[in-house]
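Residue strings, one per chain:
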Amino acid sequence: MGNLWFEGAATALCWGGFLYKWVILIAIFMTWVNADPYNPLVLRLQALTHPFWEFCYRHLPVSIRHLNAYVSLLVVMFLQIVLPATLLSIGGWLLGSTEMEAVLLQGLGHLLQGVSFILQSLFMFMIL
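Residues numbered from 1 in each chain as written. Predicted model: local features only at pLDDT ≥ 70, side-chain atom pairs only at ≥ 80, totals over all residues. Heavy atoms only, no water.

**A look at the overall build of the protein chain**
Each helix and strand in the protein chain was counted, giving four helices and zero strands. Overall, the protein chain shows an N-to-C arrangement of helices and strands of α-α-α-α. Here the protein chain has a C-alpha radius of gyration of 18 Å; the compact-globule value for 128 residues is 14 Å, and the former is much larger. Each of the three principal axes of the protein chain carries a C-alpha extent, and together these read 55 × 35 × 25 Å. For the protein chain, with 128 residues in total, the buried portion stands at 28%. (Helix = DSSP H or I, 4+ residues; strand = E, 2+ residues; numbered from the N terminus. Rg over C-alpha atoms; globule rule 2.2 N^0.38 Å. Buried < 20%, exposed > 50% of the residue type's maximum accessible area, 1.4 Å probe, protein only.)

**Section: the packing of aromatic side chains**
Applying the stated criterion to the full structure yields six aromatic pairs. When the ring of F52 is compared with that of F55, the centres are 6.5 Å apart and the planes differ by 10°; the resulting orientation is stacked. Residue F52 and its partner F55 are both found in helix α2 (residues 40-59); the two are separated by three residues, about one turn of the helix. On the basis of relative accessibility, which here comes to 39%, the residue F55 falls in the partly exposed class. Every member of this aromatic cluster is reached through a ring pair, and the members are Y20, F52 and F55. The ring of Y57 has R65 lying over it, and the distance from NZ or CZ to the ring centre is 5.1 Å. (Phe/Tyr/Trp six-rings, centres within 6.5 Å; stacked < 30°, edge-to-face > 60°. Lys NZ or Arg CZ within 6 Å of the ring centre and 35° of its normal.)

**Digging into the confidence of the model for the protein chain**
Looking at the protein chain, pLDDT values average 90 and 98% of them are 70 or higher. Ranking the elements of the protein chain by mean pLDDT puts helix α1 (residues 2-32) last with 90 and α2 first with 93. (pLDDT = per-residue confidence, 0-100.)

**Notes on the side chain of K21**
Mapped onto the elements of the fold, K21 is located in helix α1. At 21 Å, E7 is the nearest oppositely charged side chain to K21, a buried residue that forms no salt bridge. Residues within four places of K21 in sequence aside, it is in contact with L73, V76, M77 and Q80. (Lys, Arg positive; Asp, Glu negative; His and termini not counted. Salt bridge = Lys/Arg side-chain N within 4 Å of Asp/Glu carboxyl O. Contact = heavy atoms within 4.5 Å.)

**A closer look at helix α4 (residues 100-127)**
Compared with the 40 Å implied by 1.5 Å per residue over 28 residues, the 40 Å span of α4 between its first and last C-alpha is a close match. Along α4, the residues that are buried comprise V103, G107, H110, G114, I118 and S121. Residues of α4 that are buried in the fold lie against α3 (68-94). (Expected span 1.5 Å × (residues − 1).)

**Looking at the nonpolar core**
In this structure, V23, I24, L25, A27, I28, L45, W53, A69, L73, V76 and M77 together form the largest nonpolar core, which totals eleven residues. Looking at this core, the elements with two or more residues in it are α1, α2 and α3. At five residues, the largest contribution of residues to this core is made by α1. Non-local contacts of V23, meaning those with residues more than four positions away in its chain, are made with L45, L48 and T49. (Core = buried A, V, L, I, M, F, W, Y, C linked by side-chain atoms within 4.5 Å.)

**Side note on the environment of L128**
Locating L128 in the fold gives a position in the segment after α4. For L128 and F55, which are 73 residues apart along the polypeptide, the C-alpha to C-alpha distance reads 26 Å.

Written out as structure tokens, the structure reads:
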């Protein structure tokens, strides 16, 4: 029963990250066109994305602050990779099916996977 809870929470995190990633992408595309700033869809996208973009803007070095939307997308993609898998690993440990050493190694593996994906995305961005 507990395993179903962890699987459901991990699935919800994965889908939430997936949906928010697309919201960010659509908001980025909307900045490329001359969208009506009073359109309800544009206002909703701004309400969903701009607080996170401003958070990234405040915490980035001055030289790359203009990339805050792209950085926010990378953060969401990193969290979409790391959080659900780590939650499943911790759930396995809490339910007794996995040892703590294995959970730590899996967590390190999830972090490495997330970092490698971000590096791959950055390299592709630099190539383009």
